[in-house]
Amino acid sequence: MNFVIAVDGPAASGKGTVAGRLALAYDLPYLDTGMLYRAVGALAGSTGGDFRTAAITWASALNPESVYDPQLRGGRVGDLASRAAAIPEVRGALLDFQRSFATQAGGAVLDGRDIGTVIAPSAPAKLFVTAAPEIRAERRWKQLAGHGETVSFEEVLADIRLRDARDSGRASAPLVQAADAVLLDTSEMDISQSVEAARRIVEAARGRWETSHSG
Ligand code: DC
């Protein structure tokens, strides 16, 4: 039985927190797919030369099991990740690992931009987590300030808008809500309210999934 929870949404929408908490609640392995693009973006950005060529090379050579590094969460890496993620060959190189993670026995939780549309289109539970750009910018700004980054709110908001436009506007697997995903707007919610709302959505999906797999 393979109960997969797909969590998509724009930058700083709270999808990572929601996905991590769902993984704990359902005791499922969790993959933050943004980390793959962040690792590729950071490596390509520090290589020098042509960014596209470096990103494709690094994506093909990446060990996806070992990309978890809190340093990659910074704002500059987010921009590099978004640039790398717009390159179809980079996405192609990272596809198999993500699909295998999603199809492992027992199920999984994945978060990103294209989980419900490309990586796990038949996932029984799909959420599209979003919030107003100003709210997301405020959350991200507080997070960055907490990590000691000196950046203004206006810069963070401009970065969020740029990444939204790039992630949604690219030709290859753009950020878009899957037709069967449930929209969760966390603009007016704190973390625990967002997690609670996500739990309710997943519970309903799990009920339907269990019914269709019984008998
Ligand atoms: O979720 P995040 O902010 O860590 O993601 C960083 C960038 O990676 C984001 O701007 C778009 C890209 N990304 C993507 O294109 N597809 C995914 N499944 C996950 C992230």
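The coordinates are above.
Residues numbered from 1 in each chain as written. Predicted model: local features only at pLDDT ≥ 70, side-chain atom pairs only at ≥ 80, totals over all residues. Heavy atoms only, no water.

### Comments concerning the sheet that holds strand β1 (residues 4–8)
Condition: Any two strands with at least two DSSP bridges between them are considered paired. Labels follow the DSSP assignment, with helices taken as runs of H or I lasting at least four residues and strands as runs of E lasting at least two, numbered in each case from the N terminus. Only C-alpha atoms enter the line fits that serve as axes; for helices the fit covers just the stretch in contact. Angles between N-to-C directions range over 0 to 180 degrees. Working rule for contacts: check all heavy atoms of both residues, and any pair within 4.5 Å makes them a contact.
Pairing is parallel in the open sheet, where 5 strands are placed in the order β2-β3-β1-β4-β5. Edge positions in the sheet fall to β2 (30–32) and β5 (182–185), since each of these pairs with one other strand and no more. Between one strand axis and the next, the sheet turns by 20 degrees as a mean value, whatever way the strands run. When β1 meets strand β3 (residues 108–112), the two strands line up parallel, connected through 5 bridges. Within β3, the position partnered with Val7 by the bridge is Asp111. Sitting on the sheet, helix α5 (residues 88–103) is in contact with β1, β2 and β3, with an inclination near 145 degrees to β3.

### Observations regarding the layout of surface pockets
What counts is decided by this rule: Buriedness for pockets is judged along seven lines, at least five of which must meet protein on both sides within 12 Å for an open set on the 1 Å grid over protein atoms alone, while cavities are sets there where a 1.4 Å probe fits but cannot get out, and lining residues have an atom within 4 Å of a point. Grid points are joined across faces, edges and corners, and a volume is the space filled by probe spheres set on the points. In this classification, Asp, Glu, Lys and Arg are treated as charged, Ala, Val, Leu, Ile, Met, Phe, Trp, Tyr, Cys and Pro as nonpolar, and every other residue, Gly included, as polar.
Taken as a whole, the largest pocket spans an internal volume of roughly 860 Å³. Those elements that place two or more of their residues in the lining of the largest pocket are α1 (15–26), β2, α2 (34–47), α4 (75–85), β3, α7 (133–146), α8 (153–169) and α9 (191–213). If you tally residues by element for the lining of the largest pocket, the top one is α7, at 5 residues. Its residues assigned to classes, the lining of the largest pocket shows 11 nonpolar, 13 polar and 14 charged.

### Some remarks on the packing of aromatic side chains
Quick reminder of the rule: For Phe, Tyr and Trp, where Trp contributes only its six-membered ring, two rings pair if their centres lie within 6.5 Å, and the inter-plane angle classes them as stacked under 30 degrees, edge-to-face over 60, or tilted in between. Any Lys NZ or Arg CZ found within 6 Å of a ring centre and within 35 degrees of that ring's normal is scored as a charge over the ring.
The final tally for this structure, using the stated rule, is 3 aromatic pairs. Ring centres of Phe3 and Trp209 lie 5.0 Å apart, and the angle between their planes is 55 degrees; on these two criteria the pair is classed as tilted. In this pair, Phe3 is assigned in the segment before β1 and Trp209 in helix α9, connecting sequence segments 206 residues apart. Looking at Arg83, its charged tip hangs above the ring of Phe51, at a distance of 4.2 Å from the centre. Taking NZ or CZ as reference, Arg206 lies 4.7 Å from the ring centre of Phe3, over its face.

### Some thoughts on the site of the ligand
Selection rule: Consider each residue's heavy atoms; a residue with any of them within 4 Å of a molecule or strand counts as near. Any pair of nitrogen or oxygen atoms within 3.5 Å is treated as a polar contact; in protein, a donor-acceptor pairing is required on top of that, and neighbouring residues in sequence qualify only through side-chain atoms on both sides. Accessible surface area values rest on a Shrake-Rupley calculation with a 1.4 Å probe, where residue burial reflects the displayed protein chains alone. A molecule is counted as occupying a cavity or pocket when more than half of its atoms fall within 2 Å of that pocket's grid points.
Lining the immediate environment of the ligand, one finds 15 residues, of which Arg38, Arg91, Arg163, Asp167 and Arg170 sit closest. In the environment of the ligand, an oxygen atom lies 2.8 Å from a nitrogen or oxygen atom belonging to the side chain of Arg170. Protein contacts shield 97% of the accessible area of the ligand, which totals 440 Å² for the unbound molecule. In this structure, the ligand is accommodated by the largest pocket. Contributions of two or more residues to the shell around the ligand are made by α2, α4 and α8. Looking at the shell around the ligand residue by residue, the classes come out as 3 nonpolar, 4 polar and 8 charged.

### Section: the nonpolar core
Going by this rule: Only buried Ala, Val, Leu, Ile, Met, Phe, Trp, Tyr and Cys residues count toward a nonpolar core, and they belong to the same one when joined by side-chain atoms within 4.5 Å. The buried label goes to any residue with under 20% of its type's maximum accessible area, the exposed label to any with over 50%, and the partly exposed label to all in between, with areas taken from a 1.4 Å probe on protein chains only.
Ranked by internal contacts, the top residues of the largest apolar core, which has 34 residues, are Val40, Phe51, Ala55, Leu62, Val90, Leu94 and Leu110. For this core, the elements supplying multiple residues, two or more each, are β1, α2, α3 (51–61), α4, α5, β3 and α6 (115–119). The greatest single-element share of this core, amounting to 6 residues, is contributed by α2. The next biggest cluster of nonpolar side chains, apart from the first, holds 20 residues, and it includes Ile5, Ala125, Val129 and Leu184.

### A few points about the pattern of salt bridges
Here is the rule we go by: Any carboxyl oxygen of Asp or Glu within 4 Å of a side-chain nitrogen of Lys or Arg constitutes a salt bridge here.
The final tally for this structure, using the stated rule, is 12 salt bridges. A salt bridge links Arg161 to Glu134; the shortest N-O distance between them is 3.0 Å. Linking Arg161 in helix α8 with Glu134 in helix α7, this pair joins segments that are 27 residues apart in sequence. A relative accessible area of 37% means that Glu134 is categorised as partly exposed. The salt bridge involving Glu138 is made with Lys142; its shortest N-O contact spans 3.2 Å. Pair noted here: Glu138 and Lys142 are both in helix α7, with a separation of 4 residues, about one helical turn.

### Considerations on the packing of α3 against α5
The test is simple: Throughout this description, any angle smaller than 35 degrees is read as roughly parallel, any larger than 145 degrees as roughly antiparallel, any in the 65 to 115 degree range as roughly perpendicular, and the remainder as oblique.
At their nearest, the axes of α3 and α5 sit 8 Å apart, and the two run at 5 degrees to each other. Between α3 and α5, the interaxial angle falls into the category roughly parallel. Across from Arg52, Ala55, Ile56, Ala59 and Ser60 in α3, the residues of α5 making contact are Glu89, Val90, Ala93 and Leu94. For the contact of α3 with α5, the class distribution of residues is 6 nonpolar, 1 polar and 2 charged.

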